[in-house]
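Read off the chains here:
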There are 4 protein chains.
Amino acid sequence: MRATYIEDFEQWSKEFTFSVPVTVRFSETDMYGHLNNTVNFSYFEYARIEYLKHVGLMNDWLNPKGSTIPVVADLQCDYVRQVFFDEQLNIHVKAASVGSSSVDIHYHATNSKRETCFVGRGTIVQINKSTGKGTPWSEEEKVLFTN
Amino acid sequence: MRATYIEDFEQWSKEFTFSVPVTVRFSETDMYGHLNNTVNFSYFEYARIEYLKHVGLMNDWLNPKGSTIPVVADLQCDYVRQVFFDEQLNIHVKAASVGSSSVDIHYHATNSKRETCFVGRGTIVQINKSTGKGTPWSEEEKVLFTN
Amino acid sequence: MRATYIEDFEQWSKEFTFSVPVTVRFSETDMYGHLNNTVNFSYFEYARIEYLKHVGLMNDWLNPKGSTIPVVADLQCDYVRQVFFDEQLNIHVKAASVGSSSVDIHYHATNSKRETCFVGRGTIVQINKSTGKGTPWSEEEKVLFTN
Amino acid sequence: MRATYIEDFEQWSKEFTFSVPVTVRFSETDMYGHLNNTVNFSYFEYARIEYLKHVGLMNDWLNPKGSTIPVVADLQCDYVRQVFFDEQLNIHVKAASVGSSSVDIHYHATNSKRETCFVGRGTIVQINKSTGKGTPWSEEEKVLFTN
C-alpha cells in the first residue's frame, strides 16, 4: 500500500471512532469473482453520509430549501485485499483535517478478522447552491468534526 | 419465454422502429460471469428516455420548472439468453398502448446476431409534481407516441 | 396497483415470514429526488439471496466447483409509493410456488410505517453450469422452500 | 484542481491519443441533480478496458483459462466541473508510466465544449490468478503501452 496520506498506519487506524457495517451484495461483484472496484466508492459515500449525520451536519444539506450542499472535490482508494460476495465489512470514517469551507475525510475498511481491505480519502467542500462558491463553516460546524 | 404481454412474437418484434445501442460494461457483470440481472432495467431506462426524447416528450420532464414528471408504475423483464461482457446489444423500444395519462412501453433486446436476449415492458404515468396525481396527455402528446 | 400475481393482498402479505432490512443509499437516488427505479431489483436480489441462504440452498450455488447455479427467468416490480433517501425498508420474501426445477419468488417492500412501497415477483431456475439445462430439485430441496 | 499527478496540465492533456465517448444515463444521477460521484469510476473502468483492448492486452485477461488478471491497486479522481444528465463526455486514457508488472493509467474527461470535467489516475497490476503474485510484463507487452 502506497497511500501517501497515511504517515503512521498504526496511529492513523487508532484515530477512527465511527464506523458503519456493510455487507457485499451479489450485484456488486464482477466476473472476476470479487467486489468490483467501483463499488468501494459507494461504500465510502454511504459511510461518509452516515458520519455527517452522526456529527449533525447532514440536516441542512438534505433540506430542499437549504442554501448549501456538500460536493466531492476528490476521492481516492487504495486496494489492499480482495473482497468477496457476502463479506461483512466495517467502514471506519474520520475527519482528518478541516479547512475553511472543506474537510478531508479518511476511510478504513476492515473485514470480520479486522484485516485491512482498503483505505481511502477525499475532500468535500460546502458550496452555495446558487453561486457554486465555497461556503465557510461556522465555528460551531468546525467543532462538530472534532467530536 | 412466458411473456404474456406478447401475443404473436413475429408480429410484435416487427413493430419496433426505434432502438439504441448498448455495450455491456465490465462493472455490469457479476461473479456468475454474465450481465447481472438488475442491469437490464438500467438499459430499459436508458432506451426509454432516448425514445421519449426522440418522440419529443422529454423536454418538459427535464425542466426543473416543469409541472410534470413521468413515474414508473411497473416494470418487468423476461430473460431469454445469457448476456456477457462486451456484447453489443440493441434495445428496441415502442409505445404498445396509450392510456389517458399513461403509456405502456415495450422493450426487445437483441444481440449482434439479431437473437433475442431479453424482452420487457412497463407502464409509465405522467404525474403532477406537486399533487402526485396523474396528468392526462394532450391530444398532441398522444399523437407523438404513434410516430 | 395492478399486480395480477396477488389475488388477495391481505392474505398474500400475511404469508411472508422472512425479511431483510435495507436502507436507501444516496447513490441509489436519481435527479427526480427518489430511489431510482432500477435499484428495486438490486434489493430483490439481495433479499432473494438472503432468503436462499436462510432456507439452506445457497451453499452449492456459491461453490465454484458446484455443478448448478440459479438463473433469473423473469422479474417484475409494481411501484406503489415513492421511496426516498435514507428510508428504512423491509424486503419480505417468500417462495410462492415450486416447480420441478424452478421456484416463483414473491417480494413485498414496506417502510417503517408498514406501508407498502413496492411489490414484485420473479421465477428462478436451477440450471446445470455446463449444459445450461434445468436441473430438478431434490425432494429435500423442495421441502426447504416450505419452511 | 490539486491533482499532484499532473505537473503541466497543458502538456499532460496533449499526450492522450485514445478516448471513448460516454453519455450520462439518468440512473447515474443522484438527488443533487448531477452525476453521482461514484459513477466516474465506472467510466474510468470502461475507458481503461477499451484502451487495454485497443493496445491488445485484454485478450488473455478475459480468457477463463488464462493464468493472469489485472487488478486495480489504487484509483483517484479529481472533480473539476459538475456533470449532468445526458451530457456527452469523452474519457481520454493513457499509460503514464510502466513498471515491471504494473502500469499507471491516467484519465481526462472532457465535455462537448472540450472543457475538463474530471481527471484521474490509478495503477493496475497484472497478477497470477493462482498465486495472487505480480506477474512481470513481457518486453512485447511493455511496448504495447507506448503505442
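Conventions used here
Residues numbered from 1 in each chain as written. Chains lettered and ligands numbered in written order. Predicted model: local features only at pLDDT ≥ 70, side-chain atom pairs only at ≥ 80, totals over all residues. Buried ≥ 20, exposed ≤ 12 C-beta atoms within 10 Å, placed from the backbone. Helix = DSSP H or I, 4+ residues; strand = E, 2+ residues; numbered from the N terminus. Pairing = 2+ DSSP bridges. Contact = placed C-beta atoms within 7 Å. Nonpolar A, V, L, I, M, F, W, Y, C, P; charged D, E, K, R; others polar. Axes fitted to C-alpha atoms, helices over the stretch in contact; angles between N-to-C directions. Expected span 1.5 Å × (residues − 1). Least-squares fit on C-alpha atoms with pLDDT ≥ 70 in both. Core = buried A, V, L, I, M, F, W, Y, C linked by C-beta atoms within 7 Å.

Colleague: Would you mind showing me how to read the pairing of strand S4 (residues 102-110) of chain A here?
Modeller: Two faces, one strand: in a regular strand the side chains alternate between the faces of the sheet. Residues and elements named next belong to chain A. For S4, the tally of buried residues reaches seven of nine residues, placing the bulk of the element in the interior. As paired elements, strand S3 (residues 88-98) and S4 share eight bridges and run antiparallel to each other. Looking at the pairing, Asn90 lines up with Thr110 of S4. Linking S3 to S4, which pair antiparallel, is a turn of three residues.

Colleague: Explain the interface of chain A and chain B here, please?
Modeller: In many reports, interface size means the accessible area that the parts give up when they come together. Each partner contributes to the interface: chain A provides nine residues, whereas chain B provides nine residues. Here the residues of the side of chain A that touches chain B sort into three nonpolar, five polar and one charged.

Colleague: What is the right way to look at the sheet that holds strand S4 (residues 102-110) of chain C in this model?
Modeller: Within a beta sheet, neighbouring strands are joined by backbone hydrogen bonds and run either parallel or antiparallel to one another. The 10 strands lie next to each other as S1(B)-S3(B)-S4(B)-S5(B)-S2(B)-S2(C)-S5(C)-S4(C)-S3(C)-S1(C), forming an open sheet whose pairing is antiparallel. Every other strand in the sheet has two partners, leaving strand S1 (18-23) of chain B together with strand S1 (18-23) of chain C as the edge strands with one partner each. Averaged over all neighbouring strand pairs, the angle between strand axes comes to 25°, with direction disregarded. Judged from the six bridges that link them, S1 of chain C and strand S3 (residues 88-98) of chain C form a sheet pairing that is antiparallel. Of the residues in S3 of chain C, the one forming a bridge with Phe18 of chain C is Val93 of chain C.

Colleague: Where do I start with the sheet that holds strand S4 (residues 102-110) of chain D in this structure?
Modeller: Ordered by their spatial adjacency, 10 strands build an open sheet running S1(A)-S3(A)-S4(A)-S5(A)-S2(A)-S2(D)-S5(D)-S4(D)-S3(D)-S1(D), and the pairing between neighbours is antiparallel. This sheet does not close on itself; its edge strands, each paired only once, are strand S1 (18-23) of chain A together with strand S1 (18-23) of chain D. Taking each pair of neighbouring strands and ignoring which way they run, the sheet shows an average axis angle of 25°. Of the strand pairs in this sheet, S4 of chain D and strand S5 (residues 116-128) of chain D are connected by nine bridges, and their pairing is antiparallel. Each residue of the ladder has a partner; that of His106 of chain D, found in S5 of chain D, is Arg121 of chain D. The strands that helix H2 (residues 40-55) of chain A touches are S1, strand S2 (68-79), S3, S4 and strand S5 (116-128) of chain A; relative to S1 of chain A, the one it contacts most, it runs at about 140°.

Colleague: I would appreciate a short explanation of the interface of chain A and chain D in the present structure.
Modeller: Contacts between the two partners involve 15 residues from chain A and, on the opposite side, 15 residues from chain D. Only H2 and S2 of chain A provide two or more residues apiece to the side of chain A that touches chain D. The biggest single contributor to the side of chain A that touches chain D is S2 of chain A, with nine residues. Residue composition of the side of chain A that touches chain D, grouped by class: eight nonpolar, four polar and three charged. Where S2 of chain A meets strand S2 (residues 68-79) of chain D, five bridges bridge the pair, whose relative direction is antiparallel.

Colleague: Would you take a moment to explain helix H2 (residues 40-55) of chain D for this structure?
Modeller: The α-helix advances 3.6 residues per turn, and as a result positions three or four apart in sequence lie on the same side. Residue and element names in this part refer to chain D. The terminal C-alpha atoms of H2, which comprises 16 residues, lie 22 Å apart, in line with the 22 Å expected from a rise of 1.5 Å per residue. Across the 16 residues that make up H2, a large majority, 12, are buried. Three or more residues of H2 are buried, namely Asn40, Phe41, Ser42, Tyr43, Phe44, Glu45, Tyr46, Ala47, Arg48, Ile49, Tyr51 and Leu52. Following H2 by one or two positions, Gly56 has its phi on the positive side, about 100°.

Colleague: When you look at the relation of the copies chain A and chain D in this model, what are you seeing that I'm missing?
Modeller: Copies of the same chain, two in number, are related to each other by a rotation about an axis and a translation along it. Rotating chain A by 180° and moving it 0.0 Å along the rotation axis overlays it on chain D with an RMSD of 0.0 Å. Look at the turn and shift together and you get a two-fold axis relating the two. By C-alpha distance to the rotation axis, the residue of chain A lying nearest is Gln76 of chain A, at 2.0 Å. Looking at chain A, 100% of its interface residues are interface residues in chain D too, so the copies touch through the same face.

Colleague: Would you take a moment to explain the nonpolar core for this structure?
Modeller: Ala47 of chain A together with Ala47 of chain D are the most contacted members of the largest nonpolar core, which has 66 residues in total. Setting aside residues up to four positions removed in sequence, Ala47 of chain D forms contacts with Val20, Ile91, Val93 and Tyr107 of chain D. If you look at the next biggest cluster of nonpolar residues, it comprises 65 residues, including Cys117 and Val125 of chain B together with Tyr43 and Phe118 of chain C.

Colleague: Help me out: how do you make sense of the relation of the copies chain A and chain B in this one?
Modeller: Overlaying chain A on chain B yields an RMSD of 0.0 Å, the required transformation being a rotation through 180° with an accompanying axial translation of 0.0 Å. Taken as a fraction of all interface residues of chain A, those also at the interface in chain B reach 100%, which identifies the copy contact as same-surface.

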